[in-house]
Amino acid sequence: MRKWQVMVVTLLVTLGGWFGFSVTAHADADYTIATDTTFAPFEFQVKGGQYRGIDIDLLKAIAKKEHFTYQLKALSFNAAVQQLSANQVDGVIAGMNITSAREATFDFSKPYYTSGVVMAVAQKSPIETMANLKGKTVALKTGTAGATYAKSVQAKYGFKIKYFNDSNNMYNDVKVGNSVACFEDYPVMSYGIKNGIPLKIVSKQHDAGDYGFAVKKGKNAKLLRQFNAGLAAIKADGTYDKIINHYLHAKESTLTGETANSRTFVGLFTQNLGTIGNGLWMTLKLTVVAIILATILGLILGVLGVMPGKVGPAISSTIIYIFRGMPLMVLAFFIYIGFPDLIGHGFKIPAFVAGLITLMLNEGAYTGAFVKGGFQAVDKGQMEAARSLGLPYWAAMRKVVMPQGIRIMIPSFINQFIITLKDTSILSVIGIVELTQTGTLIIARNFEGFKIWLMIAMIYLIIITLLTWLSNWVQRRIN
Amino acid sequence: MAVKVQVRDLHKSYGKTEVLKGLDLDVQDNEVLCMIGPSGSGKSTFLRCLTHLETPTKGQIIINGHDLSDPQTNINTVRENIGMVFQHFNLFPHLTVLQNITLAPVQLKKETPEQAEQTARKLLAQVGLADKADVMPTSLSGGQQQRVAIARTLAMHPQIMLFDEPTSALDPEMVGDVLAIMKQLAQDGMTMIVVTHEMGFAKEVADQVVFMADGLIQEQGKPADLFNHPKSPRLQDFLNKVINI
Ligand SMILES: Nc1ncnc2c1ncn2[C@@H]1O[C@H](COP(=O)(O)OP(=O)(O)OP(=O)(O)O)[C@@H](O)[C@H]1O
Ligand SMILES: [Mg+2]
């Protein structure tokens, strides 16, 4: 075998291994249960990438009582709910309010916590009541009880609404003054304020509602029974109260092991080294595998694009048109949530695989476009000389046109590698904890937005610099 | 003598413009045919039709007994018997001189890599470039590149060779080397169709000269007749211009 053939085989085996691994990892646990990523004190990530919080600890205690195992999947609240209805996960515990609308699609456990919605404003804000909101903008987190409540009183108080996907961005919008207020569950808001969010609560609790654990309607009845039984048991033996007190009457620092003097840039960096390292590793893994897949797809599309006849070029330009035109985020949602929904039968795609397919299609379409251009840039006389010697089309393509075309394309390939690396950050929307999502998670816990984002930005720049050096070196070698 | 190339009523149009307007031509075994004519008259197009780099709009071409318009004909097999040398050499810049020559014979399994290399070295010696086997083509002068291109074509052992202005992209002092090799080929009995502006070469080597203009063969005959007693005013005019240069 030639060198490149060995490389391709090794690669495919490695890929196969990964996929196999991610599938078996799922099969190990009895259930897959989804939760939110940033909803302290119910769920949030602590040092080392572990999730903690009321929901997490309750679930753990209940599972122990009832002897079942589960794999926890931290997604955005919306993604968690969508996945539950698409049968991608077995249950959701995410500070989820039991509402009649939700009861149409989900079955809920007995309520495990009761909380109301409060309005919070910036510390120096003149706004004191909802009557002051007229004409102003209010920040809401999609799918929360706070959002439902605010919508119900929007007409009455005449404010505008701006939606966010996670709590921190919502708080931050109020903090910097883009919005004047936000609506949030009381325990969440008061926990956050205790931990340094510079907002204040200015209303009493409204619309008190019950939090429940949800399964898809008519499914997983056994899991629901186990949850209810377990909940009763931990309420009876005092575990429940212990958990609630632990979170609602504690400073974040005592939960995460972080101390106030570790809030310097270097301190934060060393504190979160493990988490950031894991995120970085995921980003690199996604980038490398996606680049290889996209390159293969791109080469196929490029070759189809310059084939004689009409069919090849038509297929190539259609695929390029579709996947270059679709925003990466839409494509990611479509593959991860839309596609399994379409197939039904409980079909699941691991997020990592969905992310790879997304990147492969999108980056592959861009690659296909420049590969086609590269082949077209090879002097026509080359193909003619090869054909006049009697070489068939494919042999001429492989031996004469492709090697020259690929040389022309090298700068575009390098450019595409860098774009792919950056595009992996978009996959955080389907719950892949790569470098960017890692940043979101760390900030959800310590609210150090500036320092952490600076850190993440620097890491990206360093990797891109290294990648550029490497590719310049490769380019020099080839020429 | 056997007919190697037979062309009947050959037409070629690009869209609405007709470039070849009905050509008839026979080339015998071992014959050297030189084709002259003003720029744009369709000489290159004619050669490209012979190797099927262009598909004729109408008419018949029979090479070595194979009818090119017959869908049963395997064009790759025909091409193995008919070599083409281009004005701009079209060497493969990513391969060494030796690899340029051995690529086709090895790919088409005509020879083992070892045999092909032997043949290639012999051919390089024949064109006076024995010491250039392992260099890249771009490091060679134009004349050297064209000689490599000839060797590359010869490596397929063609029975017919087509030359499309093989010396017109060369510096004057390089022209002689290339023409000498072509002359040697002619003497060895190769059937050749040569499009050229080298009147001296045509006079000395050609068995037959064809004058083309406006997509038609205007005059045809032995070099002595054609050059010394041109009949049509077009040819007289053309020869005057060429000689005055
Ligand atoms: N692919 C093409 N599409 C359209 N027109 C073409 C194409 N190839 C050639 N032609 C036209 O056909 C005519 C004949 O071209 P051709 O190259 O055969 O002339 P030529 O006799 O070889 O000229 P020269 O001495 O300049 O090489 C020219 O007018 C040219 O513009
Ligand atoms: Mg020409």
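Residues numbered from 1 in each chain as written. Chains lettered and ligands numbered in written order. Predicted model: local features only at pLDDT ≥ 70, side-chain atom pairs only at ≥ 80, totals over all residues. Heavy atoms only, no water.

As annotated in an unreviewed UniProt entry, chain B carries the name Glutamine abc transporter, atp-binding protein and is attributed to Levilactobacillus namurensis DSM 19117.

## Remarks on the overall build of chain A
Scanning chain A from terminus to terminus reveals 19 helices and 13 strands. For chain A, the proportion of its 479 residues judged to be buried stands at 52%. Summarising the internal contacts of chain A: among those between residues at least 6 apart in sequence, 75% fall at separations of at least 24. With an accessible surface of roughly 21,500 Å², chain A has 63% of that area assigned to carbon and sulfur atoms. (Helix = DSSP H or I, 4+ residues; strand = E, 2+ residues; numbered from the N terminus. Buried < 20%, exposed > 50% of the residue type's maximum accessible area, 1.4 Å probe, protein only. Contact = heavy atoms within 4.5 Å. Areas by Shrake-Rupley, 256 points an atom, 1.4 Å probe, with all protein chains shown as cover.)

## Side note on the site of ligand 1
All names here are of chain B. Taken together, Tyr14, Val19, Pro38, Ser39, Gly40, Ser41, Gly42, Lys43, Ser44, Thr45 and Glu165 form the complete shell of residues around ligand 1. A distance of 2.7 Å separates an oxygen atom of ligand 1 from a polar side-chain atom of Ser44. Separating an oxygen atom of ligand 1 from a side-chain N or O atom of Thr45 is a distance of 2.4 Å. Its free accessible area being 640 Å², ligand 1 has 57% of it covered by the protein chains. Broken down by element, the residue count for the shell around ligand 1 peaks at 3 residues, all from helix H1 (residues 43-50). Looking at the shell around ligand 1 residue by residue, the classes come out as 3 nonpolar, 6 polar and 2 charged. (Near = heavy atom within 4 Å. Polar contact = N/O pair within 3.5 Å; in protein donor to acceptor, adjacent residues only side chain to side chain. Nonpolar A, V, L, I, M, F, W, Y, C, P; charged D, E, K, R; others polar.)

## Points about the side chain of Asp164 of chain B
Residues and elements named next belong to chain B. Tracing the sequence through the fold places Asp164 in strand E7 (residues 160-164). Buried and unpaired, Asp164 has no salt bridge, with Arg48 as the nearest side chain of opposite charge at 6.6 Å. Not counting residues up to four positions away in its chain, the partners in contact with Asp164 are Ser44, Leu47, Val85, Phe86, Gln87 and Val195. (Lys, Arg positive; Asp, Glu negative; His and termini not counted. Salt bridge = Lys/Arg side-chain N within 4 Å of Asp/Glu carboxyl O.)

## Some words on the sheet that holds strand E5 (residues 91-92) of chain A
Residue and element names in this part refer to chain A. Spatially, 5 strands are ordered E4-E1-E5-E13-E6 in an open sheet, and the strand pairing comes out mixed. Among the strands making up the open sheet, the edge pair consists of strand E4 (70-75) and strand E6 (106-108). Relative to strand E13 (residues 214-216), E6 runs antiparallel, the two sharing 3 bridges. Its bridge partner lying in E13, Phe106 is registered against Lys216. Strand contacts of helix H3 (residues 77-85): strand E1 (31-36), E4, E5, E6 and E13, with the helix running at about 130 degrees to E4, the strand carrying the most contacts. (Pairing = 2+ DSSP bridges. Axes fitted to C-alpha atoms, helices over the stretch in contact; angles between N-to-C directions.)

## Quick notes on the confidence of the model for chain B
As a note on interpretation, predicted positions should not be read in detail where pLDDT is low. Per-residue confidence for chain B averages 92 on the pLDDT scale, and 99% of its residues sit at or above 70. What the predictor reports for the complex is a pTM of 0.72 with an ipTM of 0.92. (pLDDT = per-residue confidence, 0-100.)

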